[in-house]
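Here is how the chains run, residue by residue.
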There are 4 protein chains.
Amino acid sequence: MKTAASPRNNLTEAYALVRSHTEKLAAPLSAEDCALQSMPDTSPVKWHLAHTTWFFETVILAKQPGFKPADPRFAYLFNSYYEALGPRHPRPRRGLLSRPNLDEIYAYRAQIDAAMLQACGDATLYEAILLGLNHEQQHQELILTDIKHAFFSNPLLPAYRREPAAPQAQQKLEWRRHDGGTVQIGHQGGDFAFDNETPHHPVLLQPFAIASRPVSNGEYQAFIADGGYRRPEFWLSDGWARVQEENWEAPLYWLKDGDGNESVFTLSGVQALDPHAPVEHVSFYEAAAYAAWTGARMPTEFEWEASQISHGAVWEWTRSSYDPYPGFKPFAGVAAEYNGKFMVGQMVLRGGSSATPPGHIRATYRNFFPPQARWQFSGIRLAKDL
Amino acid sequence: MKTAASPRNNLTEAYALVRSHTEKLAAPLSAEDCALQSMPDTSPVKWHLAHTTWFFETVILAKQPGFKPADPRFAYLFNSYYEALGPRHPRPRRGLLSRPNLDEIYAYRAQIDAAMLQACGDATLYEAILLGLNHEQQHQELILTDIKHAFFSNPLLPAYRREPAAPQAQQKLEWRRHDGGTVQIGHQGGDFAFDNETPHHPVLLQPFAIASRPVSNGEYQAFIADGGYRRPEFWLSDGWARVQEENWEAPLYWLKDGDGNESVFTLSGVQALDPHAPVEHVSFYEAAAYAAWTGARMPTEFEWEASQISHGAVWEWTRSSYDPYPGFKPFAGVAAEYNGKFMVGQMVLRGGSSATPPGHIRATYRNFFPPQARWQFSGIRLAKDL
Amino acid sequence: MKTAASPRNNLTEAYALVRSHTEKLAAPLSAEDCALQSMPDTSPVKWHLAHTTWFFETVILAKQPGFKPADPRFAYLFNSYYEALGPRHPRPRRGLLSRPNLDEIYAYRAQIDAAMLQACGDATLYEAILLGLNHEQQHQELILTDIKHAFFSNPLLPAYRREPAAPQAQQKLEWRRHDGGTVQIGHQGGDFAFDNETPHHPVLLQPFAIASRPVSNGEYQAFIADGGYRRPEFWLSDGWARVQEENWEAPLYWLKDGDGNESVFTLSGVQALDPHAPVEHVSFYEAAAYAAWTGARMPTEFEWEASQISHGAVWEWTRSSYDPYPGFKPFAGVAAEYNGKFMVGQMVLRGGSSATPPGHIRATYRNFFPPQARWQFSGIRLAKDL
Amino acid sequence: MKTAASPRNNLTEAYALVRSHTEKLAAPLSAEDCALQSMPDTSPVKWHLAHTTWFFETVILAKQPGFKPADPRFAYLFNSYYEALGPRHPRPRRGLLSRPNLDEIYAYRAQIDAAMLQACGDATLYEAILLGLNHEQQHQELILTDIKHAFFSNPLLPAYRREPAAPQAQQKLEWRRHDGGTVQIGHQGGDFAFDNETPHHPVLLQPFAIASRPVSNGEYQAFIADGGYRRPEFWLSDGWARVQEENWEAPLYWLKDGDGNESVFTLSGVQALDPHAPVEHVSFYEAAAYAAWTGARMPTEFEWEASQISHGAVWEWTRSSYDPYPGFKPFAGVAAEYNGKFMVGQMVLRGGSSATPPGHIRATYRNFFPPQARWQFSGIRLAKDL
């Protein structure tokens, strides 16, 4: 599939591809499904469809001469968190918007798409449109994480699709050594990157080793079997408090049948747990506890980026807080609020997952979530000192 | 319209009328609308459609020989609060059930209706079916109160229908005197009543007077204008705490336009406030504060019932806590949980409202809600000692 | 002991007796003990010592010519809930007042006492001073209930005193029959009563029987042994929710030793549970569940008052919500807030307890607490229909 | 004053000095004062006195042959957060421990001191005792921060002492340039350091400049006057949410008199705000917003440590999350829980404050608190890129 990562030759085509991919993701869902919001951190699919459209309307079209908003009330409904753009509908109440209905949202998409296809021919808008496409790709992943969480909230445990993953072959875990020294970190420019990936800058590393693949379900089962969720010595203090408060006993979507066998809720419904697949839907706290149990640790985001390891199966928590790079400058204009204002209280994840859209994964990409988050496709990569 | 109150001659017809009336109430709503739950106290319209059906299935059909449940999972999803019938889906999460979808709920209704139309011919089931019909009528009112609350949660303030109430003529408030003495309270039997209306029993009253009509919007505006929401001397202690916590300044659905003029959100959208219509959507706390401001009080439920006043425009808070009548016995069987277990912490309302279905109003009817509830069509009747 | 109930002959003596009794109750406690506040519903002993003094200062002395407040800041610190007297220190933060220290509080008491002993000679102040004395007696009971709760919050389970109750003899439970009919309820005047006990008025009762004594610990143990705390069929809906949320398994202060034997925390420390003593520290919810388990019920407050049963060992929950009597008028002036504004959401208790001060018990007395309250000396009296 | 930092020659003397300094800090306080806990993050002074003693008893004495605990119940009461040492009294309830009383706590201190003075002669215990002394010094600062917060919770605003700070002279803010490059970070060994300061390791810096002194009250007033607390563009997202939720308008202890003049609550009571003194009691969020308003930023903890700037007047928030140094190893044994398990969700502060005890400040010291914390003596140092 043609991706959004290098679309300069044909921005119009890239725009159409990204936008239609979003709608393909929503296609298996009914209007009722698209309206679900199962917790404040998630959003209805319908809201994602509208918000990504509002982003193009606001960042690109609203600056064109003669602009008229598709509906002046949408700025209030579909602004996510941009303080500079005024007040907005409270996030935890996005699931209460039965109106505009799903058909009206699709009509809104079509109306903005028509205007945007013209805008794609304007070279001065290239950077802004590229940001909009990458923004929409981020919401493509959220559509999947959010509907998975919503369907898990239904005792019927409905399936989003019927394509269970094929069983994976066992892979030996090997340690890849790195001698440390000064490495270059961050995006070098040339094609699209988010502001938080810049500037490109040197970082000094100590020698270390990193695992050749993420931790598997089978390996994580051994941690559980060894009392991992009942032994505070492996846990960060905040993590142990969370284990107690929320009675964590396993990753988010793991289930037990009547015989105590483990299965797992997936986008294809309940499936047998594949011992060789990467463990998914663990928090940073669980990742840190697992690493402590093994006697190893997680890599820093700098070690991760310097390692050139195979990735993309699951987002990998790193042992790095989401702090700004030296010399960090936010995007100009409205997009200044895109990343920088979230740089506290979150941990960096690297890699990409089975839910990440094609072309959206790159080695310098900095994903970030609070340490307790579990509804993302997040797993564990080990590292150790040498 | 033929009502459910005396359907012995033709229970089948009564059944069909009540059931179809529920569906008529839901007809203006999309599947998305029907899934909304705007607070834990309310339920999605879809859930009301299913729960009332589950009630017939469980109370009537499940006792018939050869019964098979329409879907064995529905008992978990659509049981409201019957502990004796096992665990159930948590009430605050009813809005997360996009599946079964609305069409499936209607199919469920049709399937149960087919079986019930047979059951209606069985005279031994008459009492139980009558309970089911009165139960469904209660949910007909809740469909309206709950969708009104849900639509008010949407900044677009959508209308459920387009039939604004006609302006009302001013009515003089007159005081109807009652000499007190022993009066008979409660339902005498003969036709349907809930268990909480029984037994019929004598109560001794002191002389009193009761207002000829409920308090109007215009009268309530005078209370607000006189600082009613800022003067603790009129308020019960818990009520004053609630005013502070939730910043109450007016009844639930009152709005101010840019010029400070009052309008009100209704099932027909935002309308001008009719000064002569009864004030609606006030809590017991507000009713008590208003009464204190006038120097009068609310009637007890016994005074109310003894007064033979015109009613039915708005539910009227009484100054009576919802306690059992002397000799009260709950319904037998599953329905034992219908009313009795709620007899603490609630206040009695009498009368009926514009949202109460035809034939469901009677003088002995005891409605009840917690003193802070405002999303019901609840208003104020004044009384005073003589 | 001379009591406050009929002190007209010698108000000065009554004043001195009540005031010194309060200080005797505080005498076993250190300054540190007197500062404890273990939950928002309770107050530090020190605060009770000051608040009762502030009441005399505010209600009596502040109206005298030439009055100067002992300390102008005390009105803010020691006003409990009188909105008419201005803002006040938040109730949940009373335990943070290390200053004024306990010695300063006692000095405040002495200063007000000196002025009050003069005021006691002024016959026009008789009613107001009597109210102040009865008010102080209410706080005498609260001193005991609140320090008991505070000491129970300390894992060392300290004792307030060393006078464990003597074992009680078993008493047969007998049913006292009452034919019903019109009875006179409420205080007739003549000596002191709170406003909520008035007016004296007729109430019509149905025939009933009432138990000759409160439910004993041993009887309540049988309820527990029969699964009482695990069987929802006995519980009011709100009560059952509370059982789940707070994991209730027994009355508030019951303990189990390593062998599963039951003991109980008392003001004299941990003691063996006396099977023949009245069960104490149960909520209204537990009382109602116990009554339902026996097939009986609780009496209404009117049945209770009409029965002339022996009482005073434990406060007895009634099946009556705390509503105003017909024709109820609050005290005049500041004391208008004394009782009336709490007449919603609470249940009436009758009788009196081992913590009630001498002379403060009378048959018309209406105590009231929310249905979930357990830290008062509250027990269960059974009744049944005839 | 002789300090704990290099006491090898005379550990006994160091022990006595540190222990007596703690008691000097508590000396101005009554037993009632010493029992105050004004929020879950703080502890009563009495608890600090006991916990530091328990630490010596547990870490040193409990390992000696023939050890008997002073009171076996103290392990439950005075363990702070050591999971390996068993369950403990819940932190938010430390203020409910009127027993053991303050005299008993001092007796406990004396008993442990007697045993410890012997232990000080045992060279094998040197490292562990030094840890205990540094631990106690940390609690010396907490005694001051916690009593300040507790006294601020009392509307009388009592003073801990009567030694208001002398007015400070205005100091020009100058920028100290640093060329960047590889610098050595962390403690080199030789004398005491916490595990989180190690290992000593190289870090690569970009060129930067750092301010010669912390931000002053006067400078911070200009931020407020410019709408700093009302303009979201300066704030991190979580910080802005906190401003809204808690209505922040100024640093924690700032007050306004009737004329709107600013004063500040200090350990010496309410004092005029000194415009040239460092601003204190700001959160990381406020520090970041202030820095953004100036167009500068905060230094990283590495820039700070490399800068050799004058410090010690106020703890200085850095732009570094509290992550482990490369190769970090926790202390052995029980002390493994001392620092490492808190390495998530917190920000590093550097420097030391007016409340830090003598000898406890060093350039490699890593203090840490959550970004919303304001009750510490925390201020702002600016830095900028070159």
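In this text the structure is predicted, and so the values were computed from the model without any measurement.

Draft legend 1. Examining the interface of chain C and chain D more closely. Across the contact, 27 residues belong to chain C and 27 residues belong to chain D. Together, Glu32(C), Arg99(C) and Leu156(C) form the three largest contributors to the area buried by chain C at its contact with chain D, with a combined 31%. Counting the contacts that link chain C with chain D gives four salt bridges. Here Lys46(D) makes a salt bridge to Glu32(C), at a shortest N to O gap of 2.6 Å. Inspection of the chain C/chain D interface yields 12 residue pairs in polar contact (both at pLDDT 80 or more). Sort the elements by how many residues they give to the side of chain C that touches chain D and helix α2 (residues 31-34) of chain C lands first, with three residues.

Draft legend 2. The environment of Phe78(A), seen in detail. Residues and elements named next belong to chain A. Looking at the secondary structure, you find Phe-78 in helix α4 (residues 74-78). Each C-alpha atom of the pair Phe-78 and Gln-140 lies 16 Å from the other, and the pair is 62 residues apart in sequence. Among all residues touching Phe-78, those that are not within four sequence positions of it are Trp-47, Ala-50, His-51, Trp-54, Pro-100 and Ile-105.

Draft legend 3. Fine view of the relation of the copies chain C and chain D. Overlay of chain C on chain D (RMSD 0.0 Å): rotation 180°, translation along the axis 0.0 Å. The symmetry that links the two subunits is that of a two-fold axis. Scanning chain C for the C-alpha nearest the rotation axis identifies Glu32(C), at a separation of 2.6 Å. A shared binding surface is used by both copies, with 100% of the interface residues of chain C retained as interface residues in chain D.

Draft legend 4. Spatial organisation of the packing of helix α1 (residues 11-26) of chain D against helix α6 (residues 126-152) of chain D. All names here are of chain D. Between α1 and α6, whose axes approach to 10 Å, the crossing angle comes to 20°. Classified by the interaxial angle, the pair formed by α1 and α6 is roughly parallel. As for how α1 packs across α6, the hand of that crossing is left-handed. Packed against α1, whose contacting residues are Leu-11, Ala-14, Tyr-15, Val-18, Arg-19, His-21, Thr-22 and Leu-25, the element α6 presents Tyr-126, Ile-129, Leu-133, Glu-136, Gln-137, Gln-140, Ile-143 and Leu-144 at the interface.

Draft legend 5. A look at the sheet that holds strand β12 (residues 383-385) of chain D. Residues and elements named next belong to chain D. Spatially, the three strands line up as an open sheet ordered β1-β4-β12, and their pairing is antiparallel. The sheet terminates laterally at β1 (175-178) and β12, the two strands that pair on one side only. The sheet shows a mean angle of 25° between the axes of neighbouring strands, taken without regard to direction. Relative to β12, strand β4 (residues 208-211) runs antiparallel, the two being bridged by three bridges. Among the inter-strand pairings, Phe-208 is bridged to a residue of β12, identified as Asp-385.

Draft legend 6. Expanded view of the environment of Val279(D). Its place among the elements puts Val279(D) in the loop between β7 (269-272) and α9 (284-294). Apart from the residues within four sequence positions on either side, Val279(D) is in contact with Val215(D), Ser216(D), Asn217(D), Tyr220(D), Pro251(D), Trp254(D), Val314(D), Ser378(D), Gly379(D) and Ile380(D).

Rules of the game
Counting restarts for each chain, with residues numbered from 1 along the sequence as it is written. Both sets of labels track the order of writing: A upward for chains, 1 upward for ligands. Reporting in this predicted model follows two pLDDT cut-offs: at least 70 for local features of residues, and 80 or more for side-chain atom pairs to be given and counted; totals over whole chains, interfaces and linings ignore these cut-offs and use all residues. Side-chain descriptors were evaluated using all non-hydrogen atoms of the structure, hydrogens and water having been removed beforehand. Contact between two residues is taken to exist if any of their heavy atoms lie within 4.5 Å; hydrogens are not considered. Throughout, the accessible surface (probe 1.4 Å) given up by two parts as they are put together, summed over both, is called the buried area. The rule for a salt bridge is simple: a side-chain nitrogen of Lys or Arg has to be within 4 Å of a carboxyl oxygen of Asp or Glu. Nitrogen and oxygen atoms within 3.5 Å of one another constitute a polar contact, given that in protein one can donate a hydrogen and the other can accept it, and given that sequence-neighbouring residues count only through two side-chain atoms. Secondary structure is summarised from DSSP: a helix means a run of H or I of at least four residues, a strand means a run of E of at least two, and numbering begins at the N terminus for each. C-alpha atoms of residues with pLDDT of at least 70 in both copies form the basis for the least-squares superposition of the copies. Note on geometry: axes are lines fitted to C-alpha atoms, helical ones only across the stretch in contact, with angles between N-to-C directions running from 0 to 180 degrees. An angle counts as roughly parallel when it lies under 35 degrees, as roughly antiparallel when it exceeds 145, as roughly perpendicular when it falls between 65 and 115, and as oblique in every other case. By convention the crossing between two helices is left-handed if the near helix lies anticlockwise of the far one by an angle smaller than a right angle, and right-handed if it lies clockwise. Pairing between strands is defined by DSSP: at least two bridges between the two strands are required.

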